[in-house]
Each structure stands twice: as structure tokens, then as C-alpha cells.
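As a plain string of letters, each chain reads:
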Amino acid sequence: AEIRLQNARRLDLTIEAGESKDPRQTWTINGVAGSPRAKPLFTVNRGQPISFGFFNRTEVPHTLHVHGHHFRVLHLLDDGWEPYWRDCVILPPTRHARVAFVADNPGKWLIESTILEHAVSGVSAWFEVK
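Presented here is a report on the structure given in the accompanying data block. Owing to the predicted nature of the structure, the values given are computational and were not obtained by experimental measurement. (Residues numbered from 1 in each chain as written. Predicted model: local features only at pLDDT ≥ 70, side-chain atom pairs only at ≥ 80, totals over all residues. Heavy atoms only, no water.)

Considering the nonpolar core
As a reminder of what qualifies: By nonpolar core we mean a set of buried residues, namely Ala, Val, Leu, Ile, Met, Phe, Trp, Tyr and Cys, connected to one another through side-chain atoms within 4.5 Å. Classification of residues uses two cut-offs on accessible area relative to the type maximum, computed with a 1.4 Å probe and protein chains only: under 20% is buried, over 50% is exposed, and between them is partly exposed. Strands here mean DSSP runs of E at least two residues long; helices mean DSSP runs of H or I at least four residues long; both are numbered from the N terminus.
One finds F52, F54, V66, F101 and F127 to be the most contacted residues of the largest nonpolar core, which totals 25 residues. Taken together, the elements giving at least two residues each to this core come down to β1 (9–17), β2 (27–29), β5 (48–56), β6 (62–66), β8 (88–91), β9 (96–103), β10 (107–113) and β11 (124–129).

Following this line, the structure appears as C-alpha cells:
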């Protein structure tokens, strides 16, 4: 299935080390630590293409899982995408990845680390599909 990236809602998510001594705020996504967040990262209508840039600005690996949707990993040279669907991406230290999907599943969906200690320590956010 083709994802029309020219119409995609683009959003970069940056994981960084938090400055707090609170263990629930070890990491931040776009500068916000802790979970759950009061507000969604964004809200979109059903059928909207989404393109995430996941940036790991830390010295440890992170894995990110997008609940409720499957995505394609985009080639870093912007020449297409991997031929298979995923719901998780591994981010090595100081690296990034880009993914794309169609927000076709209504609801409130988490984006979080699959490493539970990271998820409860700040690598968690959510978005809404109406």
C-alpha cells in the first residue's frame, strides 16, 4: 500500500535525557517528561497520513512502539520505504529513524518505549485519531 507522503502530517519526536532527579522524569519527549501527558502530541482526522521523525539524543538505545497502527520505515536517503510493516523501531544511541503510516484507526494511541523502565521514566506520549 502506498502512503501519500506529500499530504502527510509531519512531526519530529526527540528523546533526550531529563534534567530532573525524579526517576519518573529520566527521559523527555520533545522536552516533556513523565507519563501520562495531559494533552495529546497531536490530533488528526481518520485517514490522515503521518510521518514521524524519531530522534534519539541520548547515549543509550531506545525502542519506540506506536500503538494501534503499523508503519513503514522510511529510507534515510528519502528514496522510499522498507517493503514490510512494523509497529516498533529501534533507535541506537544518537541516531534517528523516520516512519510513515495512515492514521486509520480512531482512538487515543500511545507512542512509548518497549523498555518498560524507559516508558515509565518519560519515553511515553499519545496522539488522537478522530
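Considerations on unusual backbone geometry
Not every positive phi belongs to a glycine, and N30 is a case in point at roughly 50°. You can see N30 is positioned in the loop between β2 and β3 (32–33). What makes N30 partly exposed here is its relative accessible area of 36%. Not every positive phi belongs to a glycine, and T94 is a case in point at roughly 60°. If you trace the backbone, T94 turns up in the loop between β8 and β9.

What to know about the pattern of salt bridges
Put simply, the rule is: Note on definitions: salt bridges are taken to be side-chain nitrogens of Lys or Arg within 4 Å of carboxyl oxygens of Asp or Glu.
What the rule picks out here adds up to one salt bridge. A salt bridge links R98 to D12; its shortest N-O distance comes to 3.3 Å. Here D12 lies in strand β1 and R98 lies in strand β9, a separation of 86 residues in the sequence. Since its relative accessible area comes to 27%, R98 is described here as partly exposed. Overall, D12 belongs to the partly exposed group, its relative accessible area being 37%.

Details of the pairing of β11
To be explicit about the condition: Two strands make a pair as long as DSSP finds a minimum of two bridges between them.
The buried fraction of β11 is high, at six of six residues. Along β11, one buried face is formed by S124, W126 and E128 and the opposite face, lined by A125, F127 and V129, is buried too. Taken together, the two bridges between strand β4 (residues 43–44) and β11 define a ladder with parallel strand orientation. By the bridge assignment for β11, T43 is matched with E128. Bridge count between β10 and β11: six bridges; the pairing is antiparallel. Each bridged residue has a counterpart across the sheet, and for I111 the counterpart in β11 is A125.

Here we look at the sheet that holds β11
Spatially, five strands are ordered β4-β11-β10-β6-β8 in an open sheet, and the strand pairing comes out mixed. Bordering the open sheet on either side are β4 and β8, each of which pairs with just one other strand.

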